[in-house]
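# Understanding the architecture of this molecule
What follows is the residue order along each chain.
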Amino acid sequence: MVSVEDIEKRLKLKFSSEDDKIKIIDESGGCGAKFLVAIGSSQFDGVSLLERHRIVNELLKEEISQIHAITLKTWTLKQYEEKINTI
Amino acid sequence: SKHVKSESYKKALEDVETQVAESPCILYMKGIPERPECGFSNTAVRILQAEGAVFTSYNVLKNNDMREAVKEFGDWPTIPQLYVKGQFIGGADILMGLYKSGELSKLLNEAGVVKKDE
């Protein structure tokens with residue numbers, strides 16, 4: 001059983017700076033475990049959207065294989081500030 | 001064991017490689033475009049339709065080997081997955097991001113997989 005804490009722990013292996021932002025929402029329902037994961041980090045500056053997601057997919061490889069669905073938002077710090085209130 | 005590839009799985013990997021190479025624009029999804037069987041596959045289909053994309057689809061629910069093979073092939077852990085001109089473009093989240101930014105429209109048009117307006 002994957003939890004918000006499990007996911008956060010994995011993400012913090014890479015997104016460990018004080019500036020990094022992580023927000024995880026458990027949206028699980030009838031279909032099974034489902035999470036929305038939003039990350040804001042300067043590590044995403046200049047990185048393509050695809051590559052950003054690959055970075056997170058790799059970190060969460062074990063968790064993703066156990067859950068029903070995951071939605072990722074991989075934002076720069078600026079994007080995070082602008083968009084975090086839209087979710 | 002996950003680490004021992006069955007003959008049918010190897011065949012599936014070859015099939016994915018062939019399909020991706022031969023299809024200008026192909027979406028691996030759950031269900032068919034007329035009846036997607038998960039929210040993310042539905043999102044991917046609607047985006048492609050909104051873009052006027054001409055695409056083929058493969059229903060991974062019909063074949064579990066194919067379902068797993070495409071994940072290995074694309075080095076991407078989830079379904080749906082879009083490939084254009086042999087290139088992996090992304091899953092539902094990526095497609096939504098590219099759609100919103102206008103990059104998907106540009107990409108699809110440059111690949112020549114958009115219906116011509118009449």
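Please refer to the structure placed before this passage.
Attention in this report is confined to the structure presented alongside it. (Residues numbered from 1 in each chain as written. Chains lettered and ligands numbered in written order. Predicted model: local features only at pLDDT ≥ 70, side-chain atom pairs only at ≥ 80, totals over all residues. Heavy atoms only, no water.)

### Re the overall build of chain B
- Secondary structure summary: chain B contains five helices and six strands in total.
- Reading chain B from its N end, one meets helices and strands in the order α-β-β-β-α-β-α-β-β-α-α.
- What you see for chain B is a C-alpha radius of gyration of 14 Å, in line with the 13 Å of a compact globule of 118 residues.
- For chain B, buried positions account for 45% of its 118 residues.
- Counted over contacts in chain B with a minimum sequence separation of 6, partners at least 24 positions apart contribute 64%.
- Surface summary for chain B: the accessible area is close to 6,600 Å², and the carbon and sulfur share equals 47%.
- Put simply, chain B has 15 plus and 17 minus side-chain charges, and the middle of one group is 4 Å from the middle of the other. (Helix = DSSP H or I, 4+ residues; strand = E, 2+ residues; numbered from the N terminus. Rg over C-alpha atoms; globule rule 2.2 N^0.38 Å. Buried < 20%, exposed > 50% of the residue type's maximum accessible area, 1.4 Å probe, protein only. Contact = heavy atoms within 4.5 Å. Areas by Shrake-Rupley, 256 points an atom, 1.4 Å probe, with all protein chains shown as cover. Lys, Arg positive; Asp, Glu negative; His and termini not counted. Charge placed at Lys NZ, Arg CZ, Asp CG, Glu CD.)

### Focus on the sheet that holds strand β1 (residues 25–29) of chain B
Residues and elements named next belong to chain B.
- Pairing in this open sheet of four strands is mixed, and the strands run β4-β1-β5-β6 from one edge to the other. Either end of the sheet is taken by a strand with one partner, and the two such strands are β4 (56–59) and β6 (87–90). Neighbour-to-neighbour, the strand axes of this sheet turn through a mean angle of 25°, independent of strand direction.
- For strand β5 (residues 81–84) and β6, the ladder comprises three bridges, and the chain directions are antiparallel. Opposite tyrosine 83, over in β6, you have phenylalanine 88 as the bridge partner. (Pairing = 2+ DSSP bridges. Axes fitted to C-alpha atoms, helices over the stretch in contact; angles between N-to-C directions.)

### Some points on the nonpolar core
All names here are of chain B.
- Grouped together as the largest cluster of nonpolar side chains are 36 residues, with contacts concentrated most on Leu27, Tyr28, Leu82 and Leu108.
- Among the elements of the structure, α1 (7–22), β1, α2 (39–50), α3 (64–74), β5, β6, α4 (92–101) and α5 (103–111) are those that each provide at least two residues to this core.
- Each residue touching leucine 82, except ones within four places of it in the same chain, is listed here: Cys25, Ile26, Leu27, Leu48, Gln87, Phe88, Ile89, Gly90 and Leu95. (Core = buried A, V, L, I, M, F, W, Y, C linked by side-chain atoms within 4.5 Å.)

### Focus on the interface of chain A and chain B
- On the chain B side, the residues contacting the 11 residues of chain A number 13 residues.
- Both sides of the chain A and chain B interface together cover about 1,000 Å² of buried area, and 65% of this is carbon and sulfur.
- Sorting the residues of chain A by area buried against chain B places A:Leu49, A:Leu50 and A:Arg54 first, and these three jointly supply 43% of that buried surface.
- On the surface where chain A and chain B come into contact, there are three residue pairs in polar contact (both at pLDDT 80 or more).
- Of all the elements in the fold, those that place two or more residues in the side of chain A that touches chain B are α2 (49–59) and β3 (69–75) of chain A.
- Among the elements that take part in the side of chain A that touches chain B, α2(A) stands out by supplying five residues, more than any other.
- Classifying every residue of the side of chain A that touches chain B by side-chain character gives six nonpolar, three polar and two charged. (Buried area = accessible area lost by both parts, 1.4 Å probe. Polar contact = N/O pair within 3.5 Å; in protein donor to acceptor, adjacent residues only side chain to side chain. Nonpolar A, V, L, I, M, F, W, Y, C, P; charged D, E, K, R; others polar.)

### A few points about the packing of aromatic side chains
Residues and elements named next belong to chain B.
- As enumerated under the stated definition, the model contains seven aromatic pairs over all chains in all.
- Where tyrosine 28 meets tyrosine 83, the ring centres are 5.8 Å apart and the plane angle is 90°; that geometry is what we call edge-to-face. Placement of tyrosine 28 in strand β1 and of tyrosine 83 in strand β5 is noted, with a sequence separation of 55 residues between them. The pair tyrosine 28 / tyrosine 83 is uniform in exposure class, with both members buried.
- Measuring from centroid to centroid gives 5.2 Å for tyrosine 83 and phenylalanine 88, while their planes differ by 55°, and the two rings are tilted. We note that tyrosine 83, like phenylalanine 88, is buried.
- Here the aromatic residues Tyr28, Tyr58, Phe73, Trp76, Tyr83 and Phe88 are joined through ring pairs into a cluster of three or more. (Phe/Tyr/Trp six-rings, centres within 6.5 Å; stacked < 30°, edge-to-face > 60°.)

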